[in-house]
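Letter by letter, the chains look like this.
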Amino acid sequence: MTRHTRILMSCIYWAFALYLLLPLALMMLMGFKDARFIGFPITSWTLDWYIGVFADRQVMFTFGYSTLIAILSTAIALVVGTWIAVTLTGRAFFGRAVILGLTLLPAVIPGVISAIAFRIYARVLGIEPGMWAIIWSHAVHNVPFVVLVVMARLSTLPRSQAEAARDLGADPLVVFFRITMPYLTPAMIGAGVFCMLLSFDDFVRSYFLGGYDPTLPVLIFAKLRSGMSPEVNAISTVVLVLTAVLGIWAERSMRRIKKQANR
Amino acid sequence: MTQRTDPVARIEGVTKSFGKTIALHQMNLQIASGEFVTFLGPSGCGKSTTLRILGGFETPDTGRIILNGQDVTALPPNRRKVNMVFQDYALFPHMTTRRNIAFGLELKGLSRRAIDARIDELAAFLQLADYLDRRPDQLSGGQRQRVALARALAPDPEMLLLDEPLGALDAKLRTQVQIELKNIQRRTNKAFFFVTHDQEEALTMSDRIVVMNQGRIEQDGTPEELYFRPASRFVAEFIGETNLLEATFRGIEGDAAVIDWLGNPLRCNPAGQGFAPGAAVTASVRPERIAVSADRPATENAVEARIVTSIFKGSRYLLELAVNGTRVSAYADSPVAADQGASVWLGWSRSSISLIGD
Amino acid sequence: MPDLPPQSPADPSGPPTFWGRLTAWSLYRALTGLVFASPRRQFWMLILFPVIWVLVAHLGPILQMMQVSFLSSYPPSAGKEVVLTTANYSRFFGDSIFLVPFWRTMVFSVVLTLTTLVLMYPVAYFLARHVRRDNQLLFLMLLLIPFWVGEIVRIYAVMIILGNNGALNLLLRWLGLIERPIPFMYTNFSLSVGIVYLTALYMLMPLYSALEKIPANYSEAAADLGAGPWTRFFRVTLPLSLEGVGAGCTLVFLIATGMYATPVLLGGPNTTLFSQTIAGFFHVAGDQWPTGAAFSTIMLVTALVVAGAFNRIIALLSGRVAK
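Residues numbered from 1 in each chain as written. Chains lettered and ligands numbered in written order. Predicted model: local features only at pLDDT ≥ 70, side-chain atom pairs only at ≥ 80, totals over all residues. Heavy atoms only, no water.

Colleague: Even after reading the chapter, I still don't get the overall build of chain A, so can you show me in this structure?
Modeller: A tally of helices and strands in chain A yields 11 helices and 0 strands. If you list the helices and strands of chain A from N to C, you get α-α-α-α-α-α-α-α-α-α-α. Counting every position in chain A, which comprises 263 residues, the buried fraction comes to 54%. The long-range fraction of contacts in chain A, counting pairs at least 24 apart against all pairs at least 6 apart in sequence, stands at 72%. Here chain A displays about 11,500 Å² of accessible surface, and carbon together with sulfur accounts for 69% of that area. (Helix = DSSP H or I, 4+ residues; strand = E, 2+ residues; numbered from the N terminus. Buried < 20%, exposed > 50% of the residue type's maximum accessible area, 1.4 Å probe, protein only. Contact = heavy atoms within 4.5 Å. Areas by Shrake-Rupley, 256 points an atom, 1.4 Å probe, with all protein chains shown as cover.)

Okay, here's the thing in structure tokens:
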């Protein structure tokens, strides 16, 4: 490639990065505006909106509610996903491809449709809309990611590790908890954090399956429909900072553990 | 020395196939306690499959495995009192040496104190005391190999299975470890079941070698038997270097069997199997058993040959010779006889020839 | 070197450790004995749970939705008889109120998928080829962080930029290009910007991982054989990255068709997408559910068929290249 195309491509990259980051930066900035309505220019500044977020009991409750849903649905997705990955790795059997395909399907079903399918199914089963319905739909949606990540990691575990443990007197269950699980830890942390972020950020499933209590994205959505205000900016900014910190932490710790285990 | 008493393990009529390939064909074998048995053969000959069947990682299609008088054919690896040293050692990367060795002991239901005592014993035995708190990635290849050995020996197995455990070591370390391993085996007085494709390794360490080829046992005997009395062409070629002489059987003359090789009558020890006069036979003669001299030697068998090339090998010379146009190799201690094209005499005793029926 | 004594089997000096106690526990032994009795039984026990999960938790809702789509009314109410009917499907074909959002959604999704592809390919190429390997993660993280932030927050960020008092209008006015703010919001434009903003990463990641796998020396070898930069790109790099193109386009297309909050917040009355139409049936009285279910089924089948057809084309293309 010529030097010109290289420069051009680097320009495209930075323009794209700007396109991604600038709106978020401006959004954070707007949370400091000392006025009720959103818009530029910002003439006077205040911290009140941010303080308000932490004082608002509804926001704090919703934050806790979303976190709880994220943790529980992630826990389910991790158990199910790891189970499926362990079942499908290193075995050839009739119907394996079908099970794998069906397992991965929820990742590509359009969001609205899966939300509506769950809504109808929950009604048929008699599950009230609310926390458990949301948790279940999030878990189903997140299992494919866990399966993919865990299967990738599992395929690099030498067969001899499990065999050596069996040889020394371990039954398959002990092998899983003492050999396989420690090896999978980095993958499970990574997949788990990714699932938590997906669940915490999910709108469409939480919206269609929610009861009276909104999750955080649903709350922001409701506030947005009644008008933009710096309050929403402050809430969004808090969410943004938390998710970014969690994401970066997960990425780093995953790398560290992986390096340690692979040395 | 090894005492040969009741067999520790018996393989009875074991057959194993993977899909259409037959890995083992009606295998029968006994292993005595305290014996160092090596399974030798090219890759894919079924030696590793035998090992894995003994360990419980594969189930035979037919036949039985008896360990100490008990039929264990259907038992999974965790319920067999045999332990294995894996080719890649399979040390658990997230555990220290101490935890690795303790793994099998914990599952045996031992107390913490008993486990620590046993680890100390093993550490003293295999000189591991300094590495007990290191992880596998902080150990050298030789140290890892000793940890794997300690881990497998810790639960006091009736027999130890070793799957090419020296393959990962460099050549220099390897010779040293071979001798060490033989010593360890002698002092634990356990049956070691060793798998390798390296014939030199097999000759160095074993009490007994089982040569395998294409799922069948070619020969089963002491290193000396295999080396000097190969039962088949395959064994003769696989173990060490040899000259295979295509000859015709003439008959028995007195206490010797006489064969005809390129017009030269050769006298050898009569083989067990009777050959009919005129039958084609192959005679194996090891190069180092052939004496090269300028004059006709006084040995029973003497053949005239011409030197083709002479290669300096450090301690001696490897000679490539031609007898009536057929290639033969032999060794000479001094370069005196090693002029190219010179005519020399080759001589060997009758015990240096072994007859192989084709 | 001392000799190794055999380990004494009887051990009076204390209780077993945790794993020893657990595996010796009679209940544990009974259970594992049952489950691990044979490799075959072990396999069945292992596979049972995934099969149940797939059928009950995930395939169940979809199949149920399809079943409801053929009912005359749902949820069941007193006095109404439920019969099987295809009326819910004929409703779709009979009314432009439904057909227009449907076609708009499909066209929109296809166009935006291709737009994202064109925009993201240079970015992925730059990352995979022109950034040093140690720095790639850093450059990637910079783009990843915004994607960890949820859909709603990012839509809101776009609203702030595009609003009448937003950053873009402010900038244009400051430059003197316009006097009155341009109404960007609630148009096809704002909706497109939003969807691209939300889906770009799902295009970037597959492209990046496909491009990253192509050894650089392929291109060098082609250059050595006298291929110019464009030939090299179209004959070597692009065909080898087709797999990533396929994965990225499938993901973006399916995500774009399934978006709900984005058209609600960024779109206007003239940009209604099919997801909004479907959702409408679930906001009002309950007997509209079968229609909503039928429309969802139509959309799911269409989306999967389009994605499948697209993947087939990609597979054919890369198959032809491979020959």
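There's plenty left to go through after this.
Colleague: Hey, could you run me through the UniProt feature "transmembrane region" (unreviewed entry) in chain A in this one?
Modeller: Residue and element names in this part refer to chain A. The feature "transmembrane region" (unreviewed entry), as annotated in UniProt, sits at residues 12–32, 63–86, 98–121, 133–154, 175–200 and 232–250 in this numbering. Note that residues 175–200 is 100% helix and 0% strand, and that its end C-alpha atoms are spaced 33 Å apart. Between the first and last C-alpha atoms of residues 232–250 the distance is 27 Å; the span itself is 100% helix and 0% strand. (UniProt positions renumbered as here; feature names shortened; annotations may be inferred.)

Colleague: Sorry if this is basic, but what is going on with the interface of chain B and chain A here?
Modeller: Interfaces are frequently sized by the accessible area removed from exposure as the parts join. Facing 24 residues of chain B, the contacting portion of chain A comprises 18 residues. Between chain B and chain A lies a buried interface of about 2,000 Å² when both sides are counted; carbon and sulfur atoms form 55% of it. Taken together, chain B and chain A are joined by 2 salt bridges. The partner of Arg-52 of chain B in a salt bridge is Glu-163 of chain A, with the nearest N and O atoms 2.7 Å apart. There are 7 residue pairs in polar contact (both at pLDDT 80 or more) connecting chain B and chain A. Of all the elements, helix α2 (residues 97–107) of chain B adds the most residues to the side of chain B that touches chain A, at 5 residues. Broken down by class, the residue content of the side of chain B that touches chain A amounts to 14 nonpolar, 4 polar and 6 charged. (Buried area = accessible area lost by both parts, 1.4 Å probe. Salt bridge = Lys/Arg side-chain N within 4 Å of Asp/Glu carboxyl O. Polar contact = N/O pair within 3.5 Å; in protein donor to acceptor, adjacent residues only side chain to side chain. Nonpolar A, V, L, I, M, F, W, Y, C, P; charged D, E, K, R; others polar.)

Colleague: Explain the UniProt feature "transmembrane region" (unreviewed entry) in chain C here, please?
Modeller: Residues and elements named next belong to chain C. Mapped onto the present numbering, the UniProt feature "transmembrane region" (unreviewed entry) falls on residues 18–36, 43–63, 106–127, 139–162, 182–204, 240–261 and 293–317. When the span residues 106–127 is considered, its composition is 100% helix and 0% strand, and the gap between its end C-alpha atoms is 31 Å. Its end C-alpha atoms 31 Å apart, residues 182–204 is made of 74% helix and 0% strand.

Colleague: Looking at this structure, I do not really get the confidence of the model for chain C. What am I missing?
Modeller: Atom-level detail of predicted coordinates should not be read off regions where pLDDT is low. On average, residues of chain C score 85 in pLDDT, and 94% of them reach the 70 mark or higher. The least confident element of chain C is helix α10 (residues 216–224) of chain C, whose mean pLDDT is 76; the most confident is helix α3 (residues 39–68) of chain C, at 91. (pLDDT = per-residue confidence, 0-100.)

Colleague: Looking at this structure, how should I read the packing of aromatic side chains?
Modeller: Given two aromatic rings, their pairing is described by the distance between the two centres and the angle made by the two planes. Tallying each qualifying case throughout the model produces 46 aromatic pairs over all chains. Geometrically, the ring pair formed by Phe-61 of chain A and Tyr-65 of chain A is stacked, given 6.1 Å between the ring centres and 10° between the ring planes. Of the two residues, Phe-61 of chain A and Tyr-65 of chain A both sit in helix α3 (residues 57–88), 4 residues apart, roughly one turn of that helix. The buried category is assigned to Tyr-65 of chain A, whose relative accessible area is 11%. Put simply, the rings of Phe-92, Phe-93, Phe-98, Phe-102, Trp-103, Phe-274, Phe-281 and Phe-295 of chain C pair up and form one aromatic cluster. For Arg-286 of chain B, the ring lying beneath its charged end belongs to Tyr-227 of chain B, and the centroid distance is 3.9 Å. (Phe/Tyr/Trp six-rings, centres within 6.5 Å; stacked < 30°, edge-to-face > 60°. Lys NZ or Arg CZ within 6 Å of the ring centre and 35° of its normal.)

Colleague: I keep staring at the pattern of salt bridges and nothing clicks. Help me out?
Modeller: Pairing is possible between side chains that carry opposite charge, provided their charged atoms lie close to one another. Residue and element names in this part refer to chain B. Scanning the entire structure with this criterion turns up 28 salt bridges over all chains. Close ionic contact of Arg-64 with Glu-12 constitutes a salt bridge, the shortest N to O distance being 2.9 Å. In this pair, Arg-64 is assigned in strand β4 (residues 62–67) and Glu-12 in strand β1 (residues 7–18), connecting sequence segments 52 residues apart. By relative accessible area, Arg-64 is classed as partly exposed at 38%. Of the charged contacts in the structure, one is a salt bridge between Glu-106 and Arg-112, with a shortest N-O distance of 3.4 Å. When its relative accessible area of 38% is taken as the criterion, Arg-112 is described as partly exposed. The network of salt bridges with shared partners includes Glu-253, Asp-255, Arg-267, Glu-300 and Arg-350.

Colleague: It is not clear to me how the pairing of strand β13 (residues 264–268) of chain B should be interpreted in this structure. Could you clarify?
Modeller: Remark: a regular strand shows side chains that alternate across the two faces of the sheet. Residues and elements named next belong to chain B. Of the two faces of β13, the one holding Asn-264, Leu-266 and Cys-268 is buried and the one holding Pro-265 and Arg-267 is not buried anywhere. Relative to β13, strand β12 (residues 256–261) runs antiparallel, the two being bridged by 5 bridges. Note on β13: the bridge partner recorded for Asp-260 is Pro-265. (Pairing = 2+ DSSP bridges.)

Colleague: Mind showing me how you'd approach the environment of Ile-184 of chain B here?
Modeller: Residue and element names in this part refer to chain B. Inspection of the secondary structure assignment puts Ile-184 in helix α5 (residues 171–188). In the structure, Ile-184 is positioned 45 residues away from Arg-229 in sequence and 29 Å away in space, judged by C-alpha atoms. Each residue touching Ile-184, except ones within four places of it in the same chain, is listed here: Phe-125, Leu-126, Leu-149, Leu-153 and Phe-192.

Colleague: What is the right way to look at the packing of helix α8 (residues 172–201) of chain A against α2 of chain B in this model?
Modeller: In helix packing, the relevant descriptors are the interaxial angle and the interaxial distance, both defined with respect to the helix axes. Axis separation between α8 of chain A and α2 of chain B bottoms out at 13 Å; the angle between their running directions is 160°. Considered as vectors, α8 of chain A and α2 of chain B are oriented roughly antiparallel to each other. In terms of crossing hand, the pair formed by α8 of chain A and α2 of chain B is right-handed. Here α8 of chain A contributes Val-174, Arg-178 and Ile-179 of chain A to the contact with α2 of chain B, which in turn contributes Arg-99, Phe-103, Glu-106 and Leu-107 of chain B. (Axes fitted to C-alpha atoms, helices over the stretch in contact; angles between N-to-C directions. Parallel < 35°, antiparallel > 145°, perpendicular 65-115°, else oblique. Left-handed = near helix turned anticlockwise from the far one by under 90°.)

Colleague: Sorry, what's going on with the nonpolar core here?
Modeller: Across soluble globular proteins, nonpolar side chains show a tendency to be buried alongside one another. Within the largest apolar cluster, 129 residues are counted, with the highest numbers of intra-cluster contacts made by Leu-127 and Leu-143 of chain C. Ignoring any residue separated from it by four or fewer positions in sequence, one finds Leu-143 of chain C in contact with Tyr-13, Phe-16, Ala-17 and Leu-20 of chain A together with Val-123, Leu-127, Leu-201 and Leu-204 of chain C. Residues Val-37, Ile-65, Val-72 and Val-82 of chain B belong to the second largest nonpolar core, which totals 43 residues. (Core = buried A, V, L, I, M, F, W, Y, C linked by side-chain atoms within 4.5 Å.)

Colleague: In this structure, what is going on with empty space enclosed by the protein? I would like to understand it.
Modeller: Rolled over the atoms, a probe sized like a water molecule indicates the empty space that remains. This structure, assessed with the given rule, holds 2 cavities of 30 Å³ or more. Size it by volume and the largest cavity reaches roughly 80 Å³. Of all the secondary structure elements, the ones that give two or more residues to the lining of the largest cavity are α5 (111–125) and α6 (131–154) of chain A together with α3 of chain C. When grouped by side-chain class, the residues that make up the lining of the largest cavity number 7 nonpolar, 4 polar and 1 charged. (1 Å grid on protein atoms, 1.4 Å probe; cavity = no way out; pocket = protein on both sides within 12 Å on 5 of 7 lines; lining within 4 Å. Points joined across faces, edges and corners; volume = space filled by probe spheres on them.)

Colleague: Sorry, what's going on with the packing of helix α1 (residues 3–30) of chain A against helix α6 (residues 133–148) of chain C here?
Modeller: For the pair α1 of chain A and α6 of chain C, interaxial distance at closest approach is 9 Å and the crossing angle is 35°. Classified by chirality, the crossing of α6 of chain C by α1 of chain A is left-handed. Taken together, the residues of α6 of chain C that come into contact with α1 of chain A (itself represented by Tyr-13, Trp-14, Phe-16, Ala-17, Leu-20, Leu-21 and Leu-24 of chain A) are Phe-139, Leu-142, Leu-143, Pro-146 and Phe-147 of chain C.

Colleague: What's the story with the sheet that holds strand β17 (residues 317–323) of chain B in this structure? I'm lost.
Modeller: Each strand in a sheet pairs with another by means of backbone hydrogen bonds, the pair being arranged parallel or else antiparallel. All names here are of chain B. If you trace the 5 strands from one edge of the open sheet to the other, you get β15-β19-β16-β17-β18, paired in antiparallel fashion. Single-partner strands in this sheet number two, and they are β15 (291–293) and β18 (326–332). This sheet shows a mean twist of 45° between the axes of neighbouring strands, independent of strand direction.

Colleague: Looking at this structure, I do not really get the interface of chain A and chain C. What am I missing?
Modeller: Listed as interface residues are 81 residues of chain A and, on the opposing side, 85 residues of chain C. A buried area of about 7,900 Å², summed over both sides, lies between chain A and chain C, and 82% of it is on carbon and sulfur atoms. There are 0 salt bridges connecting chain A and chain C. Linking chain A with chain C are 12 residue pairs in polar contact (both at pLDDT 80 or more), by the criterion used here. Here the side of chain A that touches chain C takes 16 residues from α1 of chain A, the largest share from any one element. Split by residue class, the side of chain A that touches chain C holds 61 nonpolar, 10 polar and 10 charged.

Colleague: Can you help me understand the UniProt feature "domain: ABC transmembrane type-1" (unreviewed entry) in chain A in this one?
Modeller: Here, UniProt's "domain: ABC transmembrane type-1" (unreviewed entry) annotation points to residues 63–250 of chain A. Between the end C-alpha atoms of residues 63–250 of chain A the distance is 20 Å, and the span holds 80% helix and 0% strand.

Colleague: Would you mind going over α2 of chain B with me for this structure?
Modeller: Side chains of residues three or four places apart in an α-helix project in the same direction, reflecting 3.6 residues per turn. Residue and element names in this part refer to chain B. In terms of residue burial, α2 counts as a mostly covered element, since 9 of its 11 residues are buried. Looking at α2, one finds that the buried residues are Thr-97, Asn-100, Ile-101, Ala-102, Phe-103, Gly-104, Leu-105, Glu-106 and Leu-107. Gly-109 lies just past α2 and shows a positive phi near 85°.

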